[in-house]
Structures are given as C-alpha cells and as structure tokens.
Amino acid sequence: MYICFLGFIETLQEIFSGIFDTILSPILTDVLTVIVTFAVDTLKKTFAELFLQLLVVVLKIVDFLEDIFDIFSGYRDVYVDRQPTDLLSAFMSMDKVKMAFLMVTVLAVALAFLFTIIAVGKSISDMTLEGKRPVGKVLGAGVKAAVAFALVPFMVIFFLQLSTILVRSATNALVMQQTDGTPPSMGTIIFLTGSLDAGRTDLAEPSFTDSVRNKYYTGRVSYTDMKQVKKDFDPAKFQIAICAVCTLLMIVILICGIFLFIQRIFDVLLLYIVSPLFVSTMPFDDGASFGKWRDMFVAKLLSGFGVIFTMKLYLMLVPTVAGSRLLMFDDKTLEGYAFINAMLKLFVVIGGAWAAFKSQHLILTILHPEAARAARMSTAMMMGAVMGAAGGAAGLARAALPGKRRRVFVDHQGSSVLSESRSLGSIKAMEQEAERKSQAFRG
C-alpha cells in the first residue's frame, strides 16, 4: 500500500514537472522578462529624466554667470541715464572719478613745475661733470610733461574704446553666429552638445543647425522647456557625463573670470586717477616712469582677453569632440572600445577646460610679465579661499550630524588619552634611564 502511494506521488510529480517545463515555464519566463524589462526601462527613464532636469538647472546657473561675465568684460552694454555704454567707461565717466582725477592733476602740475626747477638747478650745478644733463633737455622734458597732462585723458579714452572694440569684434569672430546675429548662450551650446546622439529623429549628420536642434540654437525654443525637450530627445541617450564636466568646469572658469574683470576695473581706475603723478616725473627721468605706467595701463586693459578668447574657442571645439563623427579609438576587436572612446573624449573636454582656465593671464604675460605674476598669485589666493570655504562648510555639515559629532568627540578624547599615555611613557623612560646612569656611576 505504502509502496503504491509513493509510486503515485512520483507519477504526479513527473506529470506536473512535464507540464511546467513544457507549458508554464516558457509563459512565466516571457511574463517575467516583460515585467523586469519594463521595470528596468522605467527606472532608467526616470533617472535619465531626473539627471537631465538637474543638468538644465545647472545650465541655467551657467547662463546667469555668463550674463555677469559679459557685463564685467565689456561685451554687453550697461545703461547710464538710459545711454548704452560698457561698464568700465561708465565708471570712468562718474563725477567723483572725474573730480579725483582733476585734483590729482592740479597736484601733479605743481609737482611737475617744482621738479622742473629742481632738475634745472641740478643740471646747472653738474655742468663741469661728464654725462651731465643739459638744461635744454630738462626744459624739453618739462614741455613734454605739459603736453602729456592734456593728452593723457584722450589717450585713456582711446585705449578704452579700442579694448572694447577688440573684445566685441574678436568674440563675435570666435562665436558661431546664427541668422539674427545673436550668439547662443553657453548653456544652450552645452545642452546641444549632449544631445547630438540623443535625437528621436534619426539624422545622418546631427548638428546644431539641423531640423531638430536649430530651433534651440536660434532661441525659438528654450532648453528649459522640458515638455518640448522630451518630444525631441531621448533623455536616456544624453551624454550627461560630458555635459556635467563641461558645466562644472565652465562655472569655475566664469567665476574666476568675473573676479579677474572686477579687479581689472579697479586697477584701471586707480591707474587713470594717478596717471598725472607719473607725468609729473618727466623732468627727472625723461618719461621712464610714465612709460612704465603706460605699459601697465595697456596690459590691464587687455588682461581679460585670454580667458574670453580661449573660452569661446573651447565652446566651439567641444561639440566636435563630443559628436559621434569623431572617433578617438575605433578598434572594434577590443571589448569595451566604446567606453574607451568616451573616456578619451572626456579627457579632451577636461583638458580643454583646464587650458581655458590657465589662459586667463596668457596675453598679460606677453604684455607685462610682472603684472601677470601678481594676477596669478591673486587667482591662486582666491581659489584657495573658495576651496577653504567649501571645506569648512563640509566640515560644519559633518559636525552637525549627531553620530558624527559623538565620533569626533570620542576620537578627540581617545587621541588625548593616547597622547597623555605617550607623555607618561616618555617621562617614565627618562626616569629609568637616569636611574641606570646613576647606578653605573656609583658602581
């Protein structure tokens, strides 16, 4: 009886096992595959859309910093009494600056007259010495100083206008222009760079001016319109890594550039106000000090050209580097060649951003090496202050957590006890050494 029951159970197992293997297993496998694929695709789509929204938020910060950068660099006009002008010219035309310049000029004229009298007297007393300075040369230098007092304001205005024209003309030459003549923002360029392989419409050669991206490039549609963006692009195919690196590095470059141009404004204002004092020294040194002032003034006016040109050039090359047409590693026989190609492109993007950051003082180094060294030191101090502030904020955030605070306290207490035990051990060792020497001396 028992043996018959076991045989019946085994027969049922074989029957149901066959039914499961032949009928239920394929059905369940297909159903589970569909469910798992749907869940994975849903999560991937959700996270891709989330990352894309975060990228758009950071790109808006880039556009905001770009507006500030354009104002301080003189590329974009400000308005004084509803009249357009660049920011540096607006500061130079302020009544208080003009009054300060006038007062310094009056003082410098008096000093120039005094210096001329002293230089003439010294020239007359040195008539019997070799290498003397003739009186006629001293008086000629005085006349040059009188002419320079009148020409310096015009020279300053000329160099201001020249620097503004150079900035705007060169920037427009480097920026990819569109039909209405208004260049796209940096955020738009970075966004379109990441979308080159993410279009829902297959194009043979995707570019900024194709049928899908041209409306973003020309400004008819904003990249912040997520509803339209999801219709045109697949968020899962966006090159988020390259866009994130470009965005973060561009924020650093823009912040450093903004501080560079702020420093440039105040340096130029100071040089402009004190310029008559250098003119007044012409009777003494035949214009050597005034020549140094002139070189420094021109160098300061052109000090921001390096970061402007390199940054625009960088934004021109990034789309080519990130696009699918450029392959840096095409050995398809090697497993993971696509990942290697993406990493090489990412290295180029990071290196280009670093070159744009280091080019802030490139042109200034050619014009005035001493001013370039001082500018590099100030930039390093600023970056150190920013990094220190960020580290301090992170430390405060960690200390604000209860668990972290207790651990820090325990670690501090443990280190104090360990230090105390080490000190006691050192004292005890010194006592033992003294006792040993005393016994040896008595022996």
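Owing to the predicted nature of the structure, the values given are computational and were not obtained by experimental measurement.

**Details of the overall build of the protein**
Here comes step 1: A count of helical and extended segments in the protein gives 15 helices and 2 strands.
Here comes step 2: Sorting the 443 residues of the protein into buried and exposed places 34% on the buried side.
Here comes step 3: Across the protein, every contact between residues at least 6 apart in sequence was considered, and the portion connecting residues at least 24 apart equals 73%.
Here comes step 4: Of the accessible surface of the protein, which amounts to about 26,800 Å², a share of 69% is contributed by carbon and sulfur atoms.

**Describing the state of the cysteines**
Here comes step 1: Tallying each qualifying case throughout the model produces 0 disulfides.
Here comes step 2: A disulfide-free cysteine, cysteine 243 has its sulfur positioned 6.6 Å from the sulfur of cysteine 246, the nearest such atom.

**With respect to the packing of helix H8 (residues 240-279) against helix H10 (residues 288-301)**
Here comes step 1: Close contact between H8 and H10 brings their axes to 10 Å; oriented N to C, the two are set at 160°. By the angle between their directions, the pair H8 and H10 is classed as roughly antiparallel. Every pair of crossing elements has a handedness; the one defined by H8 and H10 is left-handed. Mapping the contact onto sequence places Gln263, Arg264, Asp267, Val268, Leu271, Tyr272, Ser275, Phe278 and Val279 in H8 and Ser289, Phe290, Trp293, Met296, Phe297, Lys300 and Leu301 in H10.
Here comes step 2: Grouping the amino acids of the contact of H8 with H10 by side-chain chemistry returns 10 nonpolar, 3 polar and 3 charged.

**Some points on unusual backbone geometry**
Here comes step 1: In this structure, aspartate 81 takes a positive phi of about 55° despite not being glycine.
Here comes step 2: Along the chain, the position of aspartate 81 falls in the loop between strand E1 (78-80) and strand E2 (83-85).
Here comes step 3: Even without glycine at this site, arginine 82 takes up a positive phi of about 65°.
Here comes step 4: Topologically, arginine 82 is positioned in the loop between E1 and E2.

**Looking at the pattern of salt bridges**
Here comes step 1: What the rule picks out here adds up to 6 salt bridges.
Here comes step 2: The partner of glutamate 49 in a salt bridge is lysine 230, with the nearest N and O atoms 3.6 Å apart. Taken together, the residues span a long stretch of sequence, with glutamate 49 in helix H1 (residues 2-73) and lysine 230 in helix H7 (residues 226-232) at a distance of 181 residues.
Here comes step 3: As a salt-bridge pair, lysine 215 and aspartate 232 come within 3.1 Å of each other at their nearest N and O atoms. In this pair, lysine 215 is assigned in helix H6 (residues 214-217) and aspartate 232 in helix H7, connecting sequence segments 17 residues apart. Of the two residues examined, lysine 215 and aspartate 232, each falls in the buried class.
Here comes step 4: Taken together, the shared-partner salt bridges in this structure form one network comprising Asp67, Asp70 and Arg76.

**Overview of the packing of aromatic side chains**
Here comes step 1: Here the structure, examined in full by the defined rule, presents 11 aromatic pairs.
Here comes step 2: On the numbers, 5.3 Å between centres and 80° between planes, the contact of phenylalanine 69 with phenylalanine 261 is edge-to-face. Placement of the pair is phenylalanine 69 in helix H1 and phenylalanine 261 in helix H8, with a sequence separation of 192 residues. Phenylalanine 261 carries the same exposure label as phenylalanine 69, and that label is buried.

**A look at a nonpolar patch on the surface**
Here comes step 1: Together, Phe47, Leu50, Phe51 and Leu54 make up an exposed nonpolar region whose accessible area comes to about 390 Å².
Here comes step 2: Structurally, leucine 54 can be placed in helix H1.
Here comes step 3: Among the residues examined, leucine 54 registers a relative accessible area of 47% and is labelled partly exposed.

**Quick word on the confidence of the model for the protein**
In low-pLDDT segments, the atomic positions of the prediction should not be examined closely.
Here comes step 1: Of all residues in the protein, 68% attain a pLDDT of 70 or more, and the chain-wide mean is 75.
Here comes step 2: Predicted confidence is poor over residues 403-424, with pLDDT under 50, and the contacts of this stretch with residues over four places away or in other chains come to 3 contacts.

**Focus: H8**
Residues separated by three or four positions in an α-helix point in the same direction, a consequence of the helix having 3.6 residues per turn.
Here comes step 1: Helix length check: H8 (40 residues) gives 57 Å between terminal C-alpha atoms against 58 Å at 1.5 Å per residue, within 8%.
Here comes step 2: The largest bend in H8 amounts to roughly 40° and is located at isoleucine 273, with the proline proline 276 lying one to four residues further along.

**A word on the environment of aspartate 70**
Here comes step 1: Residue position: aspartate 70 is located in helix H1.
Here comes step 2: Each C-alpha atom, one on aspartate 70 and one on aspartate 86, is 9.9 Å from the other, the two residues being 16 residues apart in sequence.
Here comes step 3: Excluding residues that lie within four positions of it along the chain, aspartate 70 makes contacts with Tyr75 and Arg76.

Rules behind the numbers
- Residues numbered from 1 in each chain as written.
- Predicted model: local features only at pLDDT ≥ 70, side-chain atom pairs only at ≥ 80, totals over all residues.
- Heavy atoms only, no water.
- Helix = DSSP H or I, 4+ residues; strand = E, 2+ residues; numbered from the N terminus.
- Buried < 20%, exposed > 50% of the residue type's maximum accessible area, 1.4 Å probe, protein only.
- Contact = heavy atoms within 4.5 Å.
- Areas by Shrake-Rupley, 256 points an atom, 1.4 Å probe, with all protein chains shown as cover.
- Disulfide = S-S within 2.5 Å.
- Axes fitted to C-alpha atoms, helices over the stretch in contact; angles between N-to-C directions.
- Parallel < 35°, antiparallel > 145°, perpendicular 65-115°, else oblique.
- Left-handed = near helix turned anticlockwise from the far one by under 90°.
- Nonpolar A, V, L, I, M, F, W, Y, C, P; charged D, E, K, R; others polar.
- Salt bridge = Lys/Arg side-chain N within 4 Å of Asp/Glu carboxyl O.
- Phe/Tyr/Trp six-rings, centres within 6.5 Å; stacked < 30°, edge-to-face > 60°.
- Patch = residues over 30% accessible without salt bridge, like charges linked within 9 Å, V, L, I, M, F, W, Y side chains within 5 Å.
- pLDDT = per-residue confidence, 0-100.
- Expected span 1.5 Å × (residues − 1).
- Bend = angle between axes of the 7 residues up to and from the residue.

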